[in-house]
Amino acid sequence: MAKSSEIKIAPNLLIFILTGITYVFIEVVFTAIFGEMRQKFHTPVGSSMGFSSIYMGIVGGLMGLVLGLFNEIPGVRQKLNLFFQSLIGAVIITAMELVAGLILNVWLKFDIWDYSNYPLNFMGQIALFRSVLWFFLCPVIFWFDDNVRAVLYNIGEPYSLVKYYLQLFNFKAPKTAMVNSRFRK
């Protein structure tokens, strides 16, 4: 009797966990690189410490799951190129960040983040600069979701992130086998 090589945890739960952990890691690195520890906690200049919150793991997991599910909608992949998928993804993330910020920072007063120093911010919870970053991060999230499902659950074929990013500013309709490969099984 051959053993199945597929993982036994539900794909959506695994995506939620992995993207949540990844989001916290990225946030710790980002806050360390840009010196946000000095601003928030008055650590010495040159400190390489970063920070995040367990709540951001939950928010990041939800963002990864929602974007992965959005990207799985057949009409989205077939009618929208990666640029517009990422643009919509950035809007979705920004909306989720606003809701999370209003709940966690404004209502519960956890003070996890404050974008008040960024230009074009709204209540310190969202900022245009961060939305632009989300736009460029969306292809990674779509790719990550697709490849986790391909490698661990045999849904579609894994593909290169570099080749995927090369499609970001290709405004032609998506006709490549790579974009639609998950729907062949």
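Here we summarise the structure given alongside this text. (Residues numbered from 1 in each chain as written. Predicted model: local features only at pLDDT ≥ 70, side-chain atom pairs only at ≥ 80, totals over all residues. Heavy atoms only, no water.)

### Details of the overall build of the protein
Here is the rule we go by: Comment: elements are numbered from the N terminus, with helices defined as DSSP H or I runs of at least four residues and strands as E runs of at least two. Here a residue-residue contact requires only that any non-hydrogen atoms of the pair lie within 4.5 Å. Where accessible areas are quoted, they stem from the Shrake-Rupley method and a 1.4 Å probe; at the residue level, only the protein chains shown are allowed to cover.
A count of helices and strands for the protein gives eight helices and two strands. In the protein, of all internal contacts separated by at least 6 residues, the share reaching a separation of at least 24 is 62%. Roughly 10600 Å² of accessible area belongs to the protein as shown, and the carbon and sulfur atoms make up 71% of that amount.

### Considerations on the environment of K40
As for its placement among the helices and strands, K40 is situated in helix α2 (residues 36–41). With 72 residues separating them along the chain, K40 and I112 place their C-alpha atoms 9.8 Å apart. Every residue in contact with K40, bar those within four places of it in the chain, is listed here: F51, D111, I112 and W113.

### Let's talk about a nonpolar patch on the surface
Inclusion rule: Residues with no salt bridge and a relative accessible area higher than 30% make up the patches, which join like charges within 9 Å and nonpolar side chains (Val, Leu, Ile, Met, Phe, Trp, Tyr) within 5 Å. The working definition used for a salt bridge is a side-chain nitrogen of Lys or Arg within 4 Å of a carboxyl oxygen of Asp or Glu. Accessible area is worked out with a 1.4 Å probe on protein chains only. A residue is then buried under 20% of its type maximum, exposed over 50%, and partly exposed in between.
On the surface, a cluster of nonpolar side chains totalling about 890 Å² of accessible area is made up of I54, Y55, I58, L62, V99, I103, W107, L108 and F110. At the level of secondary structure, the elements contributing two or more residues to the nonpolar patch comprise α3 (54–72) and α5 (82–107). Among the elements that take part in the nonpolar patch, α3 stands out by supplying four residues, more than any other. On the secondary structure map, I103 appears in helix α5. Judged by relative accessible area, which is 37%, I103 ranks as partly exposed.

### Quick word on the packing of aromatic side chains
Using the following cut-off: Only Phe, Tyr and Trp rings are paired, with Trp represented by its six-membered ring, and only when their centres lie within 6.5 Å; those with planes under 30 degrees apart are stacked, over 60 edge-to-face, the remainder tilted.
For the structure on display, the rule yields 13 aromatic pairs. With a centroid separation of 5.2 Å and an interplanar angle of 85°, the aromatic rings of F83 and F84 are classed as edge-to-face. Residue F84 is classed as partly exposed on the basis of its relative accessible area, which comes to 37%. Ring centres of Y115 and Y118 lie 5.4 Å apart, and the angle between their planes is 75°; on these two criteria the pair is classed as edge-to-face.

### Considering helix α1 (residues 11–33)
Heads up, the rule is: Helices are assigned an expected span. That span is 1.5 Å times one less than the residue count.
When the terminal C-alpha atoms of α1 are compared, their 32 Å separation across 23 residues agrees well with the 33 Å that a helix rising 1.5 Å per residue should span. Taken together, the buried residues of α1 touch α2, α3 and α6 (128–153).

### Quick notes on the pattern of salt bridges
Applying the stated criterion across every chain yields a total of three salt bridges. The salt bridge partner of R149 is E72, with a shortest N-O separation of 2.7 Å. With R149 in helix α6 and E72 in helix α3, this pair connects stretches of sequence that are 77 residues apart. Looking at R149, the relative accessible area reads 4%, which means it is buried. D145 is paired through a salt bridge with R149; the nearest N and O atoms lie 3.1 Å apart. Taken together, the residues D145 and R149, both in helix α6 and four residues apart, mark about one turn of the helix.

### Concerning unusual backbone geometry
A positive phi angle, near 60°, is found at K109, a position not held by glycine. In this structure, K109 sits in the loop between α5 and β1 (121–122). The backbone of N154 sits at a positive phi, close to 55°, despite the residue not being glycine. By secondary structure assignment, the location of N154 is in the loop between α6 and α7 (161–166). A relative accessible area of 33% places N154 in the partly exposed class.

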